[in-house]
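Summary of the model geometry
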Amino acid sequence: MSAASCLLTEDQFLCSICLDVFTNPVSTPCGHNFCKACISQHWDIAVPCQCPNCKEVFNIRPELRVNTFISEMAAQFRESAQQKASSSSSEQHVVQPGEVPCDVCTGTRLKALKSCLVCRQSYCETHLEPHLTRAGLKRHQLIYPEENLEGRTCVKHDKLLELFCKTDQVCVCMLCSVSDHKMHDVVPLKEGYEGKKAELRKIEVEIQQMIQKRRLKIQEMNRSVELSKEGAEREVADGVQVFTALKESVERSQAELMDTIKEKQRETEEQAEGFIKELEQEVSELKKRSSEVEQLSRSEDQLHLLQSFTSLKAAPPTKNWTEVRVHPPSYEGTVRGAVIKLHQTLVKQMKNLLSEVELKRLQQYEVEVTLDPDTANPNLVLSDDGKQVRHGDVEKSLPDIPGSRFDYCANILAKQSFSSGRFYYEVQVKGKTEWDLGVAKGSINRKGKISLTPQNGYWTIWLRNGNEYKALAGPGVRLSLKSQPQKVGVFVDYEEGLVSFYDVGSAALIYSFTGCCFKERLYPLFGPCNNPSGQNSAPLIISPVNHPEQALPPHPLFVF
């Protein structure tokens, strides 16, 4: 029997239903062999009874009896396979905790390499061999080792879950698809898998987008923290600067007060020292006279006493010190006066320091501004870099761009415009006797005589006759300035409706338009004004913040 078994192939000992070595093999009338339990279960479901191999139909269910010959051969084959598996087990990995064991191994169980969804078993390298070499087993679906293969089987029908019900969103077997899910949208498992994979990819894209948005928000918040930190550091530096200056003023005033008190005390001491020196000198003279009187009074010579007494009596009289006093200096009002003077100094100094800090803060919003030649009045001359403009005294023939060019007023707009946020720029006005500066709406009228007022879309200030400053608030507001600005800073807060002008040199506020309602883009406006008798030939110069004032370039650099 053993010799005969060696002549048989391995496939002859496998049931074509369970694809495992025969257990209680039986033969059908057509001559094919199956495990008794496998063919019985198959015929319990299939109607009529049919051979799984040749498809022969049996009208009457055959009576099945165990084929003892095949059973013995299968037993010997199983024993041989187990011995073979035992001999190779040393070369394979013994299953470890957390790993899936081989379901076929007996004794020492090895780590499974694959699980078969059809056989519902997991196999080590040795027992996986039939699934890789035999035609019938190659069609089985192998997956990575799965310990819970029961979860891939229909609980109700004990069949493989190979379909997906899209209606109920559950995996079902073939029998479920014709019973409980008969009218549902049922597709193969692979199709349902691909559909869910597509949904997962879409979800993954959405998640990545959400992650990206949140990362950007994190970056934005980190940047806000950095800006806040930078702002805090600037505020600390400005605060230290202000309080250091104020502290130095207080210390100077204190030193001056101490010096004043000490000076008064010194004068008092010098006066007292003069009196004391004079008194000490008189005391010395009086002691000398007292000695003479005492000596004369001891004389027994009558003639000598009478003659000497006359000369003693004629000695010069001493100074009358009765009304002489050293009066302590009066300190009344000294401290009060010093405090009042300090207060006045501090108020003035604080105003100047705070103005400097405020201007420094506004200068952080500096923007690039260049002149737009398409808006320039024909009498104006621009520099090559678009940063300077002056009146040229000669009107040039230029194309009139509808709605763009100023044809009467000697004005020009910047190329840049702003519709939100804050912006700041500086303009040098040194050497000019007349100028206009400010901002204007994009829709302003630029033809004919124009009143540069807010009602017409302009927020401007001007200089006339060398020293007459006015804010064109409609009606105009005359401005009293302590000194003539050499450079003017223009600051706009669009949302707050604020337009402010500053004397950069003294950091003093010139004028502010408040409560403005901006609804369209704003353009910086420049007006060098006319040049009567050549007295206003200096240009307006858009200057960078914290840079030395630029000198007027040679005339040949000016082109239009």
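Throughout what follows, the structure given in this document is the object of discussion.

1. Re the overall build of the protein
Broken down by element type, the protein carries nine helices and 24 strands. For 560 residues, the compact-globule estimate of 2.2 N^0.38 gives 24 Å, and the protein exceeds it by more than 25% at 57 Å. With respect to the principal axes defined by its C-alpha atoms, the protein has extents near 190 × 105 × 45 Å. Within the protein, the fraction of its 560 residues that count as buried is 34%.

2. What to know about the sheet that holds strand E9 (residues 170-172)
Pairing is antiparallel in the open sheet, where three strands are placed in the order E9-E8-E10. Bordering the open sheet on either side are E9 and strand E10 (186-188), each of which pairs with just one other strand. Taking the axes of each pair of neighbouring strands and ignoring which way they run, one obtains an average angle of 35 degrees across the sheet. Most of the contacts of helix H7 (residues 189-297) go to E10, to which it runs at about 95 degrees, and overall it touches strand E8 (163-165), E9 and E10.

3. A few points about the sheet that holds strand E5 (residues 114-116)
Hydrogen bonding along the main chain pairs the strands of a sheet, whether they run parallel or antiparallel. Across the sheet, three strands lie side by side as E6-E5-E7; this open sheet has antiparallel pairing. Each edge of the open sheet carries a strand with a single partner, namely strand E6 (121-123) and strand E7 (142-143). Where E5 and E7 come together, two bridges link them in antiparallel fashion. Bridge assignment links serine 115 to a residue of E7, and that residue is isoleucine 143.

4. Some points on the side chain of serine 383
With respect to the helices and strands, the residue serine 383 is situated in strand E11 (residues 380-383). You can call serine 383 buried: its relative accessible area is 9%. Side chain to side chain, serine 383 and aspartate 385 meet in a polar contact 2.5 Å long.

5. Remarks on the environment of threonine 244
Along the chain, the position of threonine 244 falls in helix H7. Between the alpha carbons of threonine 244 and glutamine 208 there is a distance of 52 Å; along the sequence they are 36 residues apart.

6. So, the pairing of strand E17 (residues 468-471)
Here E17 shows a clear split, with Tyr469 and Ala471 buried on one side and none of Glu468 and Lys470 buried on the other. Pairing of strand E16 (residues 458-464) with E17, which is carried by four bridges, proceeds in the antiparallel orientation. When the sheet's bridge partners are listed, arginine 464 is paired in E17 with glutamate 468. As consecutive antiparallel partners, E16 and E17 are separated by three residues, and within that stretch asparagine 465 has a phi angle of approximately 55 degrees, a positive value. Here three bridges tie E17 to strand E18 (residues 477-479), and the two strands are oriented antiparallel to one another. Looking across to E18, one finds that lysine 470 is bridged to arginine 478. Count of turn residues in the E17/E18 antiparallel hairpin: five residues, of which glycine 474 carries a positive phi of about 65 degrees.

7. Examining the pairing of strand E19 (residues 487-493)
In terms of burial, E19 is largely enclosed, as seven of its seven residues are buried. Side-chain alternation along E19 places Lys487, Gly489, Phe491 and Asp493 on one buried face and Val488, Val490 and Val492 on a second face that is also buried. Inspection of the sheet shows strand E14 (residues 422-428) paired to E19 by seven bridges, in the antiparallel sense. When the sheet's bridge partners are listed, arginine 422 is paired in E19 with aspartate 493. The pairing of E19 with strand E20 (residues 498-503) spans six bridges and is classified as antiparallel. Bridged to phenylalanine 491 within E20 is serine 500.

8. What about the nonpolar core?
By size, the foremost hydrophobic cluster in this structure holds 38 residues, and its most contacted members are Trp435 and Phe526. In this structure, Leu14, Val26, Cys35 and Phe58 belong to the second largest nonpolar core, which totals 25 residues.

9. As for the packing of aromatic side chains
Summed over all chains, the structure comprises 10 aromatic pairs. Look at tyrosine 425 and phenylalanine 526: their rings are 5.9 Å apart centre to centre, the planes differ by 55 degrees, and that puts the pair in the tilted class. Residue tyrosine 425 is found in strand E14, and its partner phenylalanine 526 is found in strand E22 (residues 522-527); the two are separated by 101 residues along the sequence. The pair formed by tyrosine 425 and phenylalanine 526 is uniform in burial state, with each residue classed as buried. Site record: aromatic cluster; members linked through ring pairs are Trp459, Tyr494 and Phe518. The positively charged end of arginine 464 is found above the aromatic ring belonging to tryptophan 462, 3.9 Å away from the centroid.

10. Concerning the state of the cysteines
Under the counting rule described, the total for this entry stands at zero disulfides. Between cysteine 30, a cysteine without a disulfide, and cysteine 51, which holds the nearest cysteine sulfur, the sulfur-to-sulfur distance is 3.5 Å. We classify cysteine 30 as partly exposed; its relative accessible area is 22%. Cysteine 409 provides the cysteine sulfur closest to cysteine 529, a residue in no disulfide bond, and the two sulfurs are 9.3 Å apart.

11. A few points about the pattern of salt bridges
Applying the stated criterion to the full structure yields 18 salt bridges. Glutamate 226 serves as the salt-bridge partner of arginine 223, at 3.3 Å between the closest nitrogen and oxygen. With arginine 223 and glutamate 226 both in helix H7 and three residues apart, this pair spans about one turn of that helix. You can call arginine 223 partly exposed: its relative accessible area is 40%. You can call glutamate 226 partly exposed: its relative accessible area is 41%. Lysine 341 serves as the salt-bridge partner of glutamate 256, at 4.0 Å between the closest nitrogen and oxygen. Placement of glutamate 256 in helix H7 and of lysine 341 in helix H9 (residues 334-362) is noted, with a sequence separation of 85 residues between them. With relative accessibility at 42%, the residue glutamate 256 sits in the partly exposed group. Via salt bridges that share partners, Arg223, Glu226 and Glu230 belong to a single interconnected network.

Calculation criteria
Residues numbered from 1 in each chain as written. Predicted model: local features only at pLDDT ≥ 70, side-chain atom pairs only at ≥ 80, totals over all residues. Heavy atoms only, no water. Helix = DSSP H or I, 4+ residues; strand = E, 2+ residues; numbered from the N terminus. Rg over C-alpha atoms; globule rule 2.2 N^0.38 Å. Buried < 20%, exposed > 50% of the residue type's maximum accessible area, 1.4 Å probe, protein only. Pairing = 2+ DSSP bridges. Axes fitted to C-alpha atoms, helices over the stretch in contact; angles between N-to-C directions. Contact = heavy atoms within 4.5 Å. Polar contact = N/O pair within 3.5 Å; in protein donor to acceptor, adjacent residues only side chain to side chain. Core = buried A, V, L, I, M, F, W, Y, C linked by side-chain atoms within 4.5 Å. Phe/Tyr/Trp six-rings, centres within 6.5 Å; stacked < 30°, edge-to-face > 60°. Lys NZ or Arg CZ within 6 Å of the ring centre and 35° of its normal. Disulfide = S-S within 2.5 Å. Salt bridge = Lys/Arg side-chain N within 4 Å of Asp/Glu carboxyl O.

So far we have only geometry, and geometry alone does not tell us how the molecule works.
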